[in-house]
Amino acid sequence: MKKLNHKIRTKHMLWILSGVCIALIGISFLLPGVRNAVKTGAAYVITPIQRGINHMGMWFADKTDSFKKMDEVIAENERLKQRVDELTEENSMLVQNRYELERLRELLALSNDYPDYDTAAAKVIAKESGNWFHSFNIDIGKNQGIEPDMNVISGGGLVGIVTEVYENSAVVESIIDDGYNVSGKCASSSDLCIVNGDLSLIESGLLRITNIMKDSTVKEGDMILTSHISSKYLPGILIGYVTELTEDSNDLTKSGYLIPAVDFEHIEEVLVIKQLKDTGGEK
Amino acid sequence: MFLRSVLRKIIMTGIVILAAFIQTAVFPLFSFQIPYPNLMILLTSVFGFIAGKREGMYTGFICGLCADLFGGTVLGFSALLFMYLGYMNGMIRRFIYEEDIIFPIILVAATDFAYNFIYFVLNFMLRNRLQFGYYFIHTVLPEIIFTAVLVLFSYKQFLKLHKRLLRYEEGSET
């Protein structure tokens, strides 16, 4: 009975509330002023709360945003660390390559500087006994257009000069031969000097360098090239690098040692520059 | 005595008002673009299903009134609509075992769909906007899904709360 009563009351309530709703709808359409008043009153309560929620929400949103950004930054950092590792490895490889490149460029500088020089490749077919070459034979000669006093280079450095020419071979005297002199020039300061082969230095793989003016700025590590005043050697061919430099007892000149650019111990192939220095004389 | 009997109604009303604030002030913080879940529908449907048509009716009425007051143009229209939706949800209650989670989700989804369909008919179809398929996919379906997901997480809590309040209320009568 109670349940039935309850049911009826619910249904009645439904009708009553439906009536209220319809009345409200009617008021909304027929009496906009009342509706607006109700809405305004409601807004008076609701709006500040909503604004407060919004402020709070924005604050939280900012926080979560910054957390999100933090996550992103951490992830990015992780990625970048990995990248740094990769790049470091790559860089070390590239540095090695660069050194190699620099070395090769230096060796190549010669032919770049004098691209017009026509060269002939030659194999070393014979050599004097001993660890170091003094003079050696190459496999090209007169038939290939080789003439005496032609400069011989290897790997960009001066090896020597052709002294004797045969039909199909030639003899090259190397600059490390004792008593052999080349007029040299410091690449950076253009100071002139003389490079001597010295038998006593052959063991240590050095050449002697003399007659450097005391006031010159030649220093250790400087590049020594063949000089323009040489009667036989074309200018600008790399000879080697200055190592030790000491003042001579005559107080006018300095002298020291030179590391040749060419590895004479392992010389196998050379280039013969098929151009003779034009000294403008006799011939 | 009196306080005990009205406590449940006060708490229900409080939840509805809180939900209305969440609906209107909190959800838009996340995005103005994506559809939000419909908490009013959720509460109307869930309370109707849990507590019966009388409670569903009341909850629907309050939810609709809140919807009208927090937005909307016509006072009383949402109240009427929600009230009947809550009432109908309450009618289904007696056939279904209320501990099951699946049915409330389906019911809320259906209620949400019904509400949106009526809303579409009154606000769009009458203005010759007839592409319900488009609105359904872009507006209605996301809302239904979000709301259903919320039901999944909140239904057990509402059920627990309701039973607790009911026990408290009955305790006052004995």
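If you're wondering where the values come from, they're calculated on a predicted model, not measured in any experiment.

A. Main features of the overall build of chain A. Helices and strands together make up the secondary structure of chain A, namely 3 helices and 12 strands. When contacts within chain A are restricted to residue pairs at least 6 apart in sequence, long-range pairs at least 24 apart make up 58% of them.

B. Main features of the overall build of chain B. A count of helical and extended segments in chain B gives 6 helices and 0 strands. Secondary structure elements of chain B occur, N-terminal to C-terminal, as α-α-α-α-α-α. A total of 174 residues make up chain B; the buried ones form 49% of that total. A total accessible area of about 8,900 Å² is found for chain B, and carbon and sulfur atoms account for 71% of it.

C. Expanded view of the packing of aromatic side chains. All names here are of chain B. Counted by the stated rule, this structure contains 8 aromatic pairs over all chains. On the basis of an interplanar angle of 40° and a centroid distance of 5.9 Å, the ring pair of Phe-49 and Phe-103 is categorised as tilted. Taken as a pair, Phe-49 in helix H2 (residues 39-51) and Phe-103 in helix H5 (residues 102-123) lie far apart in primary sequence, 54 residues in all. Judged by its relative accessible area of 23%, Phe-103 is partly exposed.

D. Spatial organisation of the interface of chain A and chain B. Counting residues at the interface gives 28 residues for chain A, matched by 27 residues for chain B. Note on chain A versus chain B: buried area summed over both sides is about 2,500 Å², and carbon and sulfur give 75% of it. Broken down residue by residue, the surface that chain A buries against chain B is led by Leu14(A), Leu17(A) and Lys39(A), which jointly contribute 21%. Counting across the chain A and chain B interface gives 0 salt bridges. Linking chain A to chain B there are 3 residue pairs in polar contact (both at pLDDT 80 or more). Of all elements in the fold, only helix H1 (2-30) and helix H2 (32-113) of chain A reach the threshold of two or more residues within the side of chain A that touches chain B. Of the residues forming the side of chain A that touches chain B, the biggest block, 17 residues, is contributed by H1(A). Of the residues belonging to the side of chain A that touches chain B, the class tally is 16 nonpolar, 7 polar and 5 charged.

E. Highlighting a positive patch on the surface. Residue and element names in this part refer to chain B. Residues Lys-156, Lys-160, Arg-164 and Arg-167 make up a contiguous surface patch of positive charge. Within the secondary structure, Lys-156 sits in helix H6 (residues 132-173). By relative accessible area, Lys-156 is classed as partly exposed at 38%.

F. Summary view of the environment of Asp100(B). With respect to the element layout, Asp100(B) can be found in the loop between helix H4 (77-92) and H5. Distance from Asp100(B) to Lys156(B), taken between C-alpha atoms, is 9.4 Å for residues 56 residues apart in sequence.

G. Representation of the environment of Met150(A). Residue and element names in this part refer to chain A. Mapped onto the elements of the fold, Met-150 is located in the loop between strand S2 (135-138) and strand S3 (151-154). For Met-150, a relative accessible area of 3% translates into the label buried. Residues Met-150 and Thr-163 lie 13 residues apart in sequence; the distance between their C-alpha atoms is 8.1 Å. Sequence-distant contacts of Met-150, that is, excluding residues within four places in its chain, are made with Gly-145, Gly-160, Ile-161, Val-162, Val-272, Ile-273, Lys-274, Gln-275 and Leu-276.

H. View of the pairing of strand S4 (residues 157-165) of chain A. Residues and elements named next belong to chain A. With 7 of 9 residues buried, S4 lies mostly within the body of the structure. Relative to S4, S3 runs antiparallel, the two being bridged by 4 bridges. Residue pairing for S4: Ser-154 is matched across the bridge by Gly-157. Counting the residues between successive antiparallel strands, the hairpin from S3 to S4 contains 2 residues, one of them, Gly-155, with a positive phi of roughly 60°. Examined bridge by bridge, S4 and strand S5 (residues 170-174) share 5 bridges and lie antiparallel to one another. Bridge pairing links Val-165 to Ala-170 in S5. Adjacent in sequence and paired antiparallel, S4 and S5 are bridged by 4 residues.

I. Quick peek at unusual backbone geometry. A positive phi is found at Ser190(A), a non-glycine position, where the angle reads about 60°. With phi around 65°, Asp251(A) is a residue other than glycine that occupies positive phi space.

J. Highlighting the side chain of Ser154(B). Examined against the element boundaries, Ser154(B) turns out to sit in helix H6. Engagement of the side chain of Ser154(B) in a polar contact is seen with the backbone oxygen of Leu150(B), the distance being 2.8 Å.

K. Quick peek at the packing of H2(B) against helix H3 (residues 53-70) of chain B. All names here are of chain B. With their axes 7 Å apart at the nearest point, H2 and H3 run at an angle of 165° to one another. Judged on the interaxial angle alone, H3 and H2 are roughly antiparallel. The handedness of the crossing between H2 and H3 comes out as right-handed. Along its contact with H2, which presents Met-40, Leu-43, Thr-44, Phe-47, Gly-48 and Ala-51, the element H3 presents Lys-53, Glu-55, Gly-56, Thr-59, Gly-60, Cys-63 and Cys-66. In the contact of H2 with H3, the residues fall into 6 nonpolar, 5 polar and 2 charged.

L. Structural view of the side chain of Lys254(A). All names here are of chain A. Structurally, Lys-254 is set in strand S11 (residues 253-260). Here Lys-254 sits buried without a salt bridge, and the closest side chain of opposite charge, Glu-247, lies 6.4 Å off (N-O distance). At 3.3 Å, the side chain of Lys-254 forms a polar contact with the backbone oxygen of Ser-216. Dropping the residues within four chain positions of it, Lys-254 is found in contact with Thr-210, Asn-211, Ile-212, Met-213, Lys-214, Ser-216, Val-218, Leu-245, Thr-246, Glu-247 and Asp-248.

Here is what the cut-offs are and how they apply
- Every chain's residues receive numbers from 1 upward, in the order its sequence appears when written.
- As they are written, the chains are lettered A onward and the ligands numbered 1 onward, keeping that order.
- The predicted origin of the model limits local features to residues at a pLDDT of at least 70 and limits the giving and counting of side-chain atom pairs to 80 or more, whereas totals for whole chains, interfaces and linings rest on all residues.
- Side-chain measures were taken over the full set of non-hydrogen atoms in the model, leaving aside hydrogen atoms and water.
- What counts as a helix is a DSSP run of H or I of at least four residues, what counts as a strand is a run of E of at least two, and both are numbered from the N terminus.
- What makes two residues a contact is simply this: any of their non-hydrogen atoms within 4.5 Å.
- Exposed residues in this analysis have more than 50% of their type's maximum accessible area, buried residues have under 20%, and partly exposed residues fall in between, with area computed by a 1.4 Å probe over protein chains only.
- Residue-level accessible areas treat just the shown protein chains as cover; the underlying method is Shrake-Rupley with a 1.4 Å probe.
- Ring pairs are drawn from Phe, Tyr and Trp, using the six-membered ring of Trp, whenever the two centres fall within 6.5 Å, and their geometry is named by plane angle: stacked under 30 degrees, edge-to-face over 60, tilted for the rest.
- The quantity reported as buried area is the accessible area (1.4 Å probe) lost by two parts once they are put together, taken as the sum for both.
- Only one rule defines a salt bridge in this text: a Lys or Arg side-chain nitrogen within 4 Å of an Asp or Glu carboxyl oxygen.
- Pairs of N or O atoms are called polar contacts if they sit within 3.5 Å, as long as, within protein, a hydrogen donor faces a hydrogen acceptor (for residues adjacent in sequence, only side-chain-to-side-chain pairs).
- Following the grouping adopted for this structure description, the nonpolar residues are Ala, Val, Leu, Ile, Met, Phe, Trp, Tyr, Cys and Pro, the charged ones are Asp, Glu, Lys and Arg, and the polar ones are all others, Gly among them.
- Patch membership needs two things, relative accessible area over 30% and no salt bridge, and members are linked within 9 Å if like-charged or within 5 Å if nonpolar (Val, Leu, Ile, Met, Phe, Trp, Tyr).
- Positive charges come from Lys and Arg, negative ones from Asp and Glu, while His and the chain ends are left out of the count.
- Every charge is mapped to an atom, namely NZ of Lys, CZ of Arg, CG of Asp or CD of Glu.
- In short, DSSP must find at least two bridges between two strands for them to pair.
- In this analysis an axis means a line fitted to C-alpha atoms, helices contributing only their contacting stretch, and an angle means the value between N-to-C directions, from 0 to 180 degrees.
- Under this scheme an angle from 65 to 115 degrees is roughly perpendicular, one under 35 degrees roughly parallel, and one over 145 degrees roughly antiparallel; angles in between are oblique.
- Take the far helix as your reference; a near helix turned counterclockwise from it by less than a right angle gives a left-handed crossing, and one turned clockwise gives a right-handed crossing.

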